[in-house]
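Chain by chain, the residues:
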Amino acid sequence: MPNAKPQRVEPKDWIPLIKPYAKPNTLRSLRQVADNLLPLLLLFYLAHKALAVSLALTLLLDFAAALFLVRLFILQHDAGHGSFFPRKWANDLLGFFTGVLTLVPYHHWQLSHARHHATSGNLDKRGVGDIYTMTLEEYLQATPWQRLAYRLYRNPFVMFLLGPIYVFMLSYRLPLGYGSDKPSVRNSVALTNLFLALLLAGIVVLFGVKTLLSVYLPIQYLAGMMGIFLFYVQHQFEDVYWEHDPRWEYLKAAMEGSTYLKLPKVLQWLTGNIGFHHIHHLAPKIPNYLLPKVQEEVDLVKVAPTVTLKDAFKIAFADMHLYDEESRKLVGFREAHRRLRETQGKRAY
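(A) Seen up close, the overall build of the protein chain. Tallying secondary structure elements over the protein chain gives 16 helices and five strands in all. Computed over C-alpha atoms, the radius of gyration of the protein chain comes to 21 Å, within 12% of the 20 Å expected from 2.2 N^0.38 for 349 residues, which places it in the range of a compact globule. Principal-axis analysis of the C-alpha atoms places the extent of the protein chain at approximately 70 × 50 × 40 Å. Taking all 349 residues of the protein chain together, the buried fraction comes to 50%. A separation of at least 24 residues holds for 71% of the contacts in the protein chain among residues at least 6 apart in sequence. Total accessible area on the protein chain stands at roughly 17,400 Å², and carbon and sulfur atoms take up 65% of it.

Below you can see the structure in the form of structure tokens.
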């Protein structure tokens, strides 16, 4: 994986390079809504009909539909940044109703995600909208129970298999965490849950409980798994950028704290170009369909670490869970426990 570091560039130098791309095209955005929702609804219906033929075929169609649901979330994600439509009301309308389909309450998520963008890579502001990462020193100083809890949280089977159930089906149903004190956030969650309940009731009435259990829920689960996987591998890699205030820099957080996940063209399309994550973190006002153009035309963004799909699977299961401030790299639990044994040995001596 490349380890290139960008030279010091001031905002006044890079903002003019990026700003021309931060302009959504309404017709292009509407086309994305259509070419996403129509295949998603068709695949749902085909999966429902396939229940009479084969459960394996149904699950295969569920998987295809889950990819389109991931892409739908990217449209919601763009709306949350105000980058999908020129008008705020249009972004908010799309964001809310897609949030019912993706199980992600729009305004609640929007607030925490904005915080993530403002603090990504900042060691002093962890814990909101991110996958929490302890430093090596914090882990060494933690109690055995705290270390066990963190190890379970970071276990890939817990993260990717149980994570979708906890995050999308349970925690997003409650207005907890960052921003939960705001009435607008609580109301957003409650209204999303109300529309979701109506949707579930409609599925049962129109298609039956079997379709709810064998089509709807697997699609949600698989999409959630893919979403967590994508987010994880784009912020968790050996040379990832972490820094304390006041040395933390926005540009470095984007270019060195996020990957360019280079996917096959079909997957790039299905994931709404979110693989250009470094550009998105640099300029979240750029709509997803213009991110490849920025990668091609702006040299500034080409320094970000490039990760292939094969690399991404290695990252997902690699022992890289703790940020070592001394080496400025992610290290694993094996290294941490080696140091614990050394410390205990010195104390015994």
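(B) Highlighting helix α9 (residues 183-207). Helix length check: α9 (25 residues) gives 36 Å between terminal C-alpha atoms against 36 Å at 1.5 Å per residue, within 8%. Restricting attention to buried positions, one finds in α9 the residues V185, S188, V189, T192, L196 and I203. Packing partners of the buried residues in α9 comprise α2 (26-50), α4 (88-102), α5 (106-119) and α10 (209-233).

(C) Molecular detail of the environment of L261. One can find L261 in strand β2 (residues 260-262). Non-local contacts of L261, meaning those with residues more than four positions away in its chain, are made with L230, V233, Q234, G275, V307, T308 and A312.

(D) Broad picture of the nonpolar core. The biggest cluster of nonpolar side chains holds 80 residues, and the ones touching the most others in it are I18, F84, V233, L282, I286, V294 and V301. When neighbours within four sequence positions are excluded, V294 is seen to be in contact with I18, Y21, I279, I286 and V301. Counting eleven residues, the second largest nonpolar core, distinct from the first, contains M134, Y139, V331 and L340.

(E) Molecular detail of a nonpolar patch on the surface. A cluster of nonpolar residues, F157, L161, L162, I165, Y166, L170, F313 and F317, forms a patch on the protein surface that exposes about 840 Å² of accessible area. Here the nonpolar patch gets six residues from one element, more than from any other, and that element is helix α8 (residues 156-170). With respect to the helices and strands, the residue Y166 is situated in helix α8.

(F) Representation of the packing of aromatic side chains. In this structure the tally under the stated criterion is 20 aromatic pairs. Seen from their ring centres, F97 and F195 are 5.7 Å apart, and the 80 degrees between their planes marks the pair as edge-to-face. With a gap of 98 residues between them, F97 in helix α4 and F195 in helix α9 connect regions that are remote in the sequence. A relative accessible area of 30% places F195 in the partly exposed class. An aromatic cluster of at least three residues, connected via ring pairs, comprises F157, F160, F229, Y232, F313 and F317. The ring of Y139 carries the charged tip of R147 above its face, separated from the ring centre by 6.0 Å.

(G) Quick look at the sheet that holds strand β1 (residues 134-135). Pairing within the open sheet is mixed, and its three strands lie in the order β1-β4-β5. At either end of the open sheet lies a strand with only one pairing partner, and these are β1 and β5 (329-331). Both strand β4 (residues 322-324) and β5 contribute to a ladder of three bridges, which runs antiparallel. Bridge assignment links D324 to a residue of β5, and that residue is K329.

(H) The pattern of salt bridges, seen in detail. As enumerated under the stated definition, the model contains 14 salt bridges in all. Here E138 makes a salt bridge to R126, at a shortest N to O gap of 2.7 Å. Of the two residues, E138 sits in helix α6 (residues 136-141) while R126 sits in the loop between α5 and β1, which places them twelve residues apart along the sequence. On the basis of relative accessible area, R126 is assigned to the buried category, the value being 18%.

The rules behind the values
- Residues numbered from 1 in each chain as written.
- Predicted model: local features only at pLDDT ≥ 70, side-chain atom pairs only at ≥ 80, totals over all residues.
- Heavy atoms only, no water.
- Helix = DSSP H or I, 4+ residues; strand = E, 2+ residues; numbered from the N terminus.
- Rg over C-alpha atoms; globule rule 2.2 N^0.38 Å.
- Buried < 20%, exposed > 50% of the residue type's maximum accessible area, 1.4 Å probe, protein only.
- Contact = heavy atoms within 4.5 Å.
- Areas by Shrake-Rupley, 256 points an atom, 1.4 Å probe, with all protein chains shown as cover.
- Expected span 1.5 Å × (residues − 1).
- Core = buried A, V, L, I, M, F, W, Y, C linked by side-chain atoms within 4.5 Å.
- Patch = residues over 30% accessible without salt bridge, like charges linked within 9 Å, V, L, I, M, F, W, Y side chains within 5 Å.
- Salt bridge = Lys/Arg side-chain N within 4 Å of Asp/Glu carboxyl O.
- Phe/Tyr/Trp six-rings, centres within 6.5 Å; stacked < 30°, edge-to-face > 60°.
- Lys NZ or Arg CZ within 6 Å of the ring centre and 35° of its normal.
- Pairing = 2+ DSSP bridges.

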